[in-house]
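Below, each chain spelled out in residue letters.
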Amino acid sequence: MVVGKENIPLKNVRSAYWISGIVALIIGLFLVLETSLTLFYIGFGGMLIGALYTMGPLPINSASFGEFFVGLSMGVGIFTSMVYINAFDIVQFDWITIGQIIVASIPRLVALSLLTFPYVLKNIGIFMKKQDKKTTFMTTIINSAVIPVPIIITFLIGAWLDI
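Quick caveat: nothing in here was measured; it's all calculated off a predicted structure.

Q: Would you take a moment to explain the environment of Val146 for this structure?
A: Its location among the elements puts Val146 in helix α7 (residues 133-146). Setting aside its immediate chain neighbours within four residues, Val146 contacts Thr116, Tyr119 and Val120.

Structural data, given as structure tokens:
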């Protein structure tokens, strides 16, 4: 979108893609050489999800599950890569460790904010039945507060408790 808005020449965009891709590849290969091929597979999976997210005639960002895979790649994949790079030679990466990494990648207390989901879903149902500003617009205003406020509160509590 920025490319079209700012009239950036496609030649410059291609150059930026190639340069950033080559830099990422060099750094990635260096880290693989310092650790093992396991890091290559983790990184390849993340890059594949990133590529499939936007390229091709039917990218996954146009499907309802696209954000799930990107969230999984960024939330778990990047965290797993970081743990692996820092502890590959001292921690045995078995299924128990992988499970612990997955649990650790979920922000502890922030997950409590998901308890608001039934209330938010109820408000969405009310709004979807009758989309009239006079009677149901307030549900969107309430949801816009109910969704982020618990996330912020639980994040701050987690930071304060150092969890």
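Q: What is the right way to look at a nonpolar patch on the surface in this model?
A: A cluster of nonpolar side chains, contributed by Leu25, Leu29, Leu37, Phe40, Tyr41, Phe44, Leu48 and Leu52, occupies part of the molecular surface with about 790 Å² of accessible area. Listing elements by their share of the nonpolar patch, those giving two or more residues are α2 (10-34) and α3 (37-54). Ranked by the residues each element gives to the nonpolar patch, the list is headed by α3, at six residues. Residue position: Tyr41 is located in helix α3.

Q: Where do I start with the packing of α3 against helix α4 (residues 66-87) in this structure?
A: The geometry of a pair of packed helices is captured by two quantities: the angle between their axes and the separation between those axes. Two numbers describe how α3 lies on α4: the axes approach to 10 Å, and their chain directions differ by 155°. As judged from the angle between their axes, α3 and α4 are roughly antiparallel. The element α3 and its partner α4 pack so that their crossing is left-handed. Contact residues: α3 offers Thr38, Leu39, Ile42, Gly46, Ile49 and Tyr53, while α4 offers Gly66, Glu67, Phe69, Val70, Ser73, Gly77, Thr80, Ser81, Tyr84 and Ile85. By residue class, the composition of the contact of α3 with α4 is eight nonpolar, seven polar and one charged.

What counts, and at which threshold
Residues numbered from 1 in each chain as written. Predicted model: local features only at pLDDT ≥ 70, side-chain atom pairs only at ≥ 80, totals over all residues. Heavy atoms only, no water. Helix = DSSP H or I, 4+ residues; strand = E, 2+ residues; numbered from the N terminus. Contact = heavy atoms within 4.5 Å. Patch = residues over 30% accessible without salt bridge, like charges linked within 9 Å, V, L, I, M, F, W, Y side chains within 5 Å. Areas by Shrake-Rupley, 256 points an atom, 1.4 Å probe, with all protein chains shown as cover. Salt bridge = Lys/Arg side-chain N within 4 Å of Asp/Glu carboxyl O. Axes fitted to C-alpha atoms, helices over the stretch in contact; angles between N-to-C directions. Parallel < 35°, antiparallel > 145°, perpendicular 65-115°, else oblique. Left-handed = near helix turned anticlockwise from the far one by under 90°. Nonpolar A, V, L, I, M, F, W, Y, C, P; charged D, E, K, R; others polar.

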